[in-house]
Amino acid sequence: MKQYLDLMQDIIDNGTDRGDRTGVGTRSVFGRQMRFDLSEGFPLLTTKKLYTRAIIHELLWFLNGDTNIKYLQDNNVTIWDEWATEEGDLGPVYGAQWRSWACPDGSTVDQIAELIEQIKTKPNSRRHIITAWNPADLPDETISPQANAEQGKMALAPCHCLFQFYVADGKLSCQLYQRSADYFLGVPFNIASYALFTHMIAQQCDLEVGDFVHTFGDVHLYHNHLTDDIVYEQLKRDPGNRPTLTIKRKPDSIFDYKLEDFEIEGYEALPSIKAPIAV
Ligand code: THF
């Protein structure tokens, strides 16, 4: 994925060094976009090995409406550990907003179920939108993620906060708006996750896959990733061929997928690159 390396170089060349919420500091640019034609293969980074099990489990966990890390921990996925309370709680993060957005009258909206229904019945609609950006539930950034979750707020404000689908010529495309993007650690996960989600929805709606368009607000490299053995090592590597994704059966609904349903073939990645996560 040459595009991924090109934007990494763009951040290095054109970015501004700034402070951030985590205290680590970043180099960032504002407003960028990448586009992946999903019919040309699955956009899984090949210039470092990604842990696809974690990506799939995280998406299935979101789709279950779950916001407690117990499911992830039971499956040896640790990517949300740093933000959870002792009981494993994250407050009303993605899963809660996607599946049970709270309305003033006490009812809830299942944005995912409505999305699937709308894509099937009104493919030309311009409102195939899911939002996790719920101002009523945003955290108070002067206190810790755990303290926010204890008070019923999100542990962390959503980074991949709004996405839209588009149907044309029998193909389903997805565009994500990501307000804040940890380019080295998070973005390879985010690309794979939304590409996977687009494949699943396309299967449920009897469509082929189109493009995944990834639009960024503040896209940054953490200062402690700008080292010879992390970011500069990544930039030295040559991208390989894209693997392919096969979904082995058609589950009854978008909520019935399991890890074993997905097969990624031809994934020949260079070795993983470890990097510290900013909390
Ligand atoms: N916070 C920060 N600073 N970056 C993020 O990408 C991020 N997320 C989620 C919430 N807060 C964030 C969590 N997603 C990894 C990947 C994605 C994460 C969190 C952590 C990570 O450490 N990946 C390593 C190891 C993975 C493993 O083996 O478990 C990697 O090498 O890829 C963005 O949505």
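The name an unreviewed UniProt entry gives the protein is Thymidylate synthase, with Grimontia marina as the organism. In its Subunit (unreviewed entry) section, UniProt records this for the protein: "Homodimer." The UniProt entry for the protein carries the following text under Subcellular location (unreviewed entry): "Cytoplasm".

Where helix α2 (residues 52-63) contacts helix α7 (residues 186-204), the two axes come as close as 10 Å, and the packing angle between them is 60°. Judged on the interaxial angle alone, α7 and α2 are oblique. For the element pair α2 and α7, the recorded crossing hand is right-handed. On α7, the residues that touch Ala54, Ile55, Ile56, Leu59, Leu60 and Leu63 of α2 are Phe189, Ala192, Ser193, Leu196, Phe197 and Met200.

Moving on to the site of the ligand. Near the ligand there are 16 residues, and of these Leu156, Asp182, Gly186, Phe189 and Ala278 occur at the shortest range. One of the backbone N or O atoms of glycine 186 is found 3.4 Å from an oxygen atom in the ligand. Across the complex, the protein chains shield 86% of the 690 Å² of accessible surface that the ligand would expose by itself. If one sorts the elements of the shell around the ligand by residue count, α7 sits on top with 3 residues. Each residue belonging to the shell around the ligand can be placed in one class, and the counts come to 11 nonpolar, 4 polar and 1 charged.

Thresholds applied
The written sequence of each chain sets the order in which its residues are numbered from 1. Reporting in this predicted model follows two pLDDT cut-offs: at least 70 for local features of residues, and 80 or more for side-chain atom pairs to be given and counted; totals over whole chains, interfaces and linings ignore these cut-offs and use all residues. The side-chain quantities take in all heavy atoms of the structure and omit both hydrogens and water. UniProt positions are given in the numbering used here, feature names are shortened, and annotations may be inferred rather than shown by experiment. All axes are obtained by fitting lines to C-alpha atoms, using only the stretch in contact for helices, and the reported angles, taken between N-to-C directions, cover 0 to 180 degrees. A helix here means a DSSP run of H or I that spans at least four residues, while a strand means a run of E at least two residues long, and both kinds are numbered starting from the N terminus. Orientation is classified from the angle alone, with under 35 degrees giving roughly parallel, over 145 giving roughly antiparallel, 65 to 115 giving roughly perpendicular, and any other angle giving oblique. Helix crossings get a hand from a simple test, with the near helix turned counterclockwise from the far one by less than a right angle marking a left-handed crossing and a clockwise turn marking a right-handed one. Residue contacts are defined here by distance: any two heavy atoms, one from each residue, within 4.5 Å place the two residues in contact. We define proximity as follows: a residue is near a molecule or strand when any one of its heavy atoms falls within 4 Å of that partner. Pairs of N or O atoms are called polar contacts if they sit within 3.5 Å, as long as, within protein, a hydrogen donor faces a hydrogen acceptor (for residues adjacent in sequence, only side-chain-to-side-chain pairs). Residue-level accessible areas treat just the shown protein chains as cover; the underlying method is Shrake-Rupley with a 1.4 Å probe. Three classes are used, and their members are as follows: Ala, Val, Leu, Ile, Met, Phe, Trp, Tyr, Cys and Pro are nonpolar, Asp, Glu, Lys and Arg are charged, and the others, Gly among them, are polar.

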